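What follows is the residue order along each chain.
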Amino acid sequence: RPRHPDTYELTGTLRNRADFAQAYPYLEFTLTDNFSRALVRKVLSPEQWLPLSLRNSKAFDPSSDLAFTVHFEASGQPASGYTISVFYP
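Here we summarise the structure given alongside this text.

Thresholds, definitions, all that
Residues numbered from 1 in each chain as written. Predicted model: local features only at pLDDT ≥ 70, side-chain atom pairs only at ≥ 80, totals over all residues. Heavy atoms only, no water. Core = buried A, V, L, I, M, F, W, Y, C linked by side-chain atoms within 4.5 Å. Buried < 20%, exposed > 50% of the residue type's maximum accessible area, 1.4 Å probe, protein only. Helix = DSSP H or I, 4+ residues; strand = E, 2+ residues; numbered from the N terminus. Contact = heavy atoms within 4.5 Å. Polar contact = N/O pair within 3.5 Å; in protein donor to acceptor, adjacent residues only side chain to side chain.

Turning to the nonpolar core, a few remarks are in order. Grouped together as the largest cluster of nonpolar side chains are 16 residues, with contacts concentrated most on Leu10, Leu14, Tyr24, Trp49, Leu66, Phe68 and Val70. For this core, the element with the most residues is strand 4 (residues 64-73), which contributes four residues. Discounting residues that sit within four places of it in the chain, leucine 14 has contacts with Pro25, Leu27, Trp49, Phe60, Ser64, Asp65, Leu66, Phe68 and Val86.

In structure tokens, the structure reads:
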């Protein structure tokens, strides 16, 4: 993927610490400026961030880790930080 100033890559790992399967959560990430003010906020459903190999899976296996990578654009936003939240709507 070509590198552009307005293109970002978010790579992370989620961990299900429970001893039971759970639904995949939604991810909210926010790009912030030098003063921690929100510049861009994006919410992704599981279908948008899950690796292709898991998109037909209905549950996050117990006691497991899940690595993911998401690419997105945020034109004209000079971000210097970010926050990530995991939630269920």
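What follows covers the side chain of asparagine 16. Along the polypeptide, asparagine 16 turns up in strand 1 (residues 7-16). A relative accessible area of 2% means that asparagine 16 is categorised as buried. At 3.0 Å, the side chain of asparagine 16 and the backbone nitrogen of alanine 18 are in polar contact. Polar contacts involving the side chain of asparagine 16 include one to the main-chain carbonyl oxygen of aspartate 61, which spans 3.1 Å.

Even without being glycine, serine 36 reaches a positive phi, approximately 65°. By the element assignment, serine 36 lies in the loop between strand 2 (26-32) and strand 3 (38-44). Within the chain, serine 63 stands out as a residue other than glycine whose phi angle is a positive 50°. Tracing the sequence through the fold places serine 63 in the loop between helix 1 (46-49) and strand 4.

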